[in-house]
Structures are given as C-alpha cells and as structure tokens.
Amino acid sequence: MMYVRTSEARGHAEHGWLDTHHTFSFADYYDPDFMGFRSLRVINEDTVAPRRGFGKHPHRDMEILTYVVSGAVEHEDSMGTRALIRPGEVQRMSAGTGVVHSETNPLDEPLHLLQIWLSPDRQGLPPGYEQKRFAPQERQGRLRVVASHDGRDGSLTVHQDVVLSATELGAGQRVDYALQPGRHAWLQVIRGEATLNGVALKAGDGVAVSEETALALEARTPTEALLFDLA
C-alpha cells in the first residue's frame, strides 16, 4: 500500500526571508490527516535568504536532523556547539531534556535544506549533537545509510527505531530496497523525477509505504531522495 503526498499538497508559508513547505502539520499549518507518519513528525523543506535565519529558540524531546541540499547552515546551541553544515553533511541534534539553538545562513546565496523531526524512543534523554559528512560517491547509484538507531555503517545515531538512507541517481539508474515484514517506509524526493514501484514522483513528493516488502526506485531524470525505514 502506497500513498503519495504530492509537493503541491504540502503546507506552504512565505515569510520573505523564509520560503517553507510542510509535509506534515507544523506551526500555523494544521491538517489532522497529516500529523506525521509513524515516528516521523516533521519534514520541512526550507529556502532561507542570504544572511538570515532562525534565531535562538528551544526544543525538547525530539530527534532533529538537518540535511543540506545547497548552501550552508551555521549552527549554535546551548550545549556549546558551533558548527557549519554543508551539502553532503547531515546533522543530528537530540533535544532531550531541553536545548536552545539557532540556525542561520552565513552566505551570500540562498540556503536550501530539509529539517526532519523524529519522536524519540523515550523522553528525558540528555541533549546531544552529532554531525557527519557522506561523500557524494557513497550516495551515487546506491542507498547510503546516514542515520540509524544503532549507528550502522558509520551513520549518525538516532534515538528511534529508524534507518534513514540517502541516494543520488542518474537518469535511468535504479536502487532496490527490501522492507522487512511489519516495517513501514517514507520516501521523500528532493530533486528530479522518478518512479517508486512504477508510481511517478517529482521533487517535493513524499510516499508513505506500508504492507510492501520490495521497493524499487528508478530515476527518470537526475534524482536525489531520502528513504526512511520505520517501525
């Protein structure tokens, strides 16, 4: 069973310095039918104007992943972390008992990123931070695990039963994924056009998958996508 959440069906807000699309209910956008999928709570696709960003704000009991498509994010938090996240790098911040952070675009070009929130497997965790780079060749033509509950294959460690993989495919390339019985998946297309088990998709589309065991993602044009394997 697959359900396509099209790009144009997402919530949208334009704040001048921020152009944002919400796959699930977030901030002033509310849709009771799209509060999340399994432990996946937020996928926001943001474009941030040069030299602008999100000032200091708090989070609690959430696993937050940042995936940069283009540009760079300057991160600072109450744990004393200061970091720059560029394309090919993925950041994980565990908000746990509480953390305050800011995210800004330090460059003279727009920043394009995905903000991903996952509900943690338990509340009250100590706040934590992790950031890793994954070379383009690791994602080209294959699914590269970038975050998982057990830190497999050098991925980020997430406090939730999830395996997140990233891929970049050339036109005509295909990747296959075996979904174990009882597991679910969410595919988010970042750029390009592709098919998932023959269903046509475009940039911004997401797909909820349940009761399927074999997934085949084939690119019609150069494509970048994220695949969540969820309990």
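Keep in mind that this is a model prediction, so the values were computed, not measured. (Residues numbered from 1 in each chain as written. Predicted model: local features only at pLDDT ≥ 70, side-chain atom pairs only at ≥ 80, totals over all residues. Heavy atoms only, no water.)

Q: Would you mind showing me how to read the UniProt feature "domain: Quercetin 2,3-dioxygenase C-terminal cupin" (unreviewed entry) in the chain here?
A: Feature annotation in UniProt places "domain: Quercetin 2,3-dioxygenase C-terminal cupin" (unreviewed entry) on residues 145-230, given in this structure's numbering. End-to-end, the C-alpha atoms of residues 145-230 are 13 Å apart, and along that stretch the chain is 0% helix and 62% strand. (UniProt positions renumbered as here; feature names shortened; annotations may be inferred. Helix = DSSP H or I, 4+ residues; strand = E, 2+ residues; numbered from the N terminus.)

Q: Explain the packing of aromatic side chains to me, please; I cannot follow it from the model alone.
A: For any pair of aromatic rings, the description rests on two quantities: the centre-to-centre distance and the angle between the ring planes. Within the structure shown, the criterion is met by 5 aromatic pairs. Note on F37 and W186: the rings are 5.7 Å apart at their centroids and 50 degrees apart in plane angle, and the pair reads as tilted. In this pair, F37 sits in the loop between β3 (18-22) and β4 (40-48) while W186 sits in strand β17 (residues 184-191), placing the two residues 149 residues apart along the sequence. For the pair shown, F37 and W186 are each scored as buried. Through a chain of ring-to-ring contacts, the aromatic side chains of F24, F37 and W186 assemble into a single cluster. (Phe/Tyr/Trp six-rings, centres within 6.5 Å; stacked < 30°, edge-to-face > 60°. Buried < 20%, exposed > 50% of the residue type's maximum accessible area, 1.4 Å probe, protein only.)

Q: It is not clear to me how the sheet that holds strand β7 (residues 73-77) should be interpreted in this structure. Could you clarify?
A: Sheet strands associate in pairs through backbone hydrogen bonding, adopting either a parallel or an antiparallel arrangement. Spatially, the 4 strands line up as an open sheet ordered β5-β10-β7-β8, and their pairing is antiparallel. The sheet is open, and its two borders are formed by β5 (53-59) and β8 (82-85), each paired with just one other strand. Pairs of neighbouring strands in the sheet enclose a mean axial angle of 20 degrees, with direction left out of account. In terms of strand pairing, β7 meets β8 through 4 bridges, oriented antiparallel. Residue pairing for β8: E74 is matched across the bridge by L84. (Pairing = 2+ DSSP bridges. Axes fitted to C-alpha atoms, helices over the stretch in contact; angles between N-to-C directions.)

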